[in-house]
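# Fold and contact review
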Amino acid sequence: MTGIRIINMEKLKILIVDDDKTTTSILNHMLYVYTDHILTAANGAEGLELFDAYRPDIILSDINMPLMNGLE
């Protein structure tokens, strides 16, 4: 075997961090097809709290947000 791993998408935990509700809603609906373990945060500070609590596998973050930007 060449080291290829099959990932069970249904078990992935995804965190979406964005202050735009429309963007968050669209991403949530698009990703729900693959997993129902989706967390959403409206700013970086809230996203950091959810990250600490749930340790998601994937984080999708806006860069420009109030309180704390996506890179922080």
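Residues numbered from 1 in each chain as written. Predicted model: local features only at pLDDT ≥ 70, side-chain atom pairs only at ≥ 80, totals over all residues. Heavy atoms only, no water.

### Description of the overall build of the chain
Quick reminder of the rule: Under the DSSP-based scheme used, a helix requires at least four consecutive residues in state H or I and a strand at least two consecutive residues in state E, with every element numbered from the N terminus. For every residue, the accessible area obtained with a 1.4 Å probe (protein chains only) is divided by the maximum for its type, and the residue is called buried under 20%, exposed over 50%, and partly exposed between those limits. Working rule for contacts: check all heavy atoms of both residues, and any pair within 4.5 Å makes them a contact. Computed by Shrake-Rupley with a 1.4 Å probe, the accessible areas treat only the displayed protein chains as cover when residues are assessed.
Helices and strands together make up the secondary structure of the chain, namely two helices and three strands. The secondary structure elements of the chain, listed N-terminal to C-terminal, are β-α-β-α-β. Dimensions along the principal axes, computed over C-alpha positions, put the chain at roughly 45 × 25 × 20 Å. Looking at the chain residue by residue over its 72 residues, the buried ones come to 25%. Long-range pairs, those at least 24 residues apart, make up 59% of the contacts in the chain with a sequence separation of at least 6. Looking at the chain as shown, the accessible area adds up to about 5,400 Å², and 57% of this sits on carbon and sulfur atoms.

### Brief notes about the environment of E10
Looking at where E10 falls in the secondary structure, it is placed in the segment before β1 (14–17). Separated by 56 residues in the primary sequence, E10 and P66 place their C-alpha atoms 31 Å from one another. Beyond its immediate chain neighbours, meaning those up to four positions away, E10 contacts Y34, T35, D36 and H37.

### A few points about the side chain of N43
To keep it simple, the criterion reads: The definition of a polar contact used here is a pair of N or O atoms within 3.5 Å, where within protein one atom must be able to donate a hydrogen and the other to accept one, and adjacent residues in sequence count solely through side-chain atom pairs.
On the secondary structure map, N43 appears in the loop between β2 (38–41) and α2 (44–54). Within polar-contact distance, the side chain of N43 engages the backbone nitrogen of E46 at 2.8 Å. The residues contacting N43, other than those within four sequence positions of it, are V17, M65, P66 and L67.

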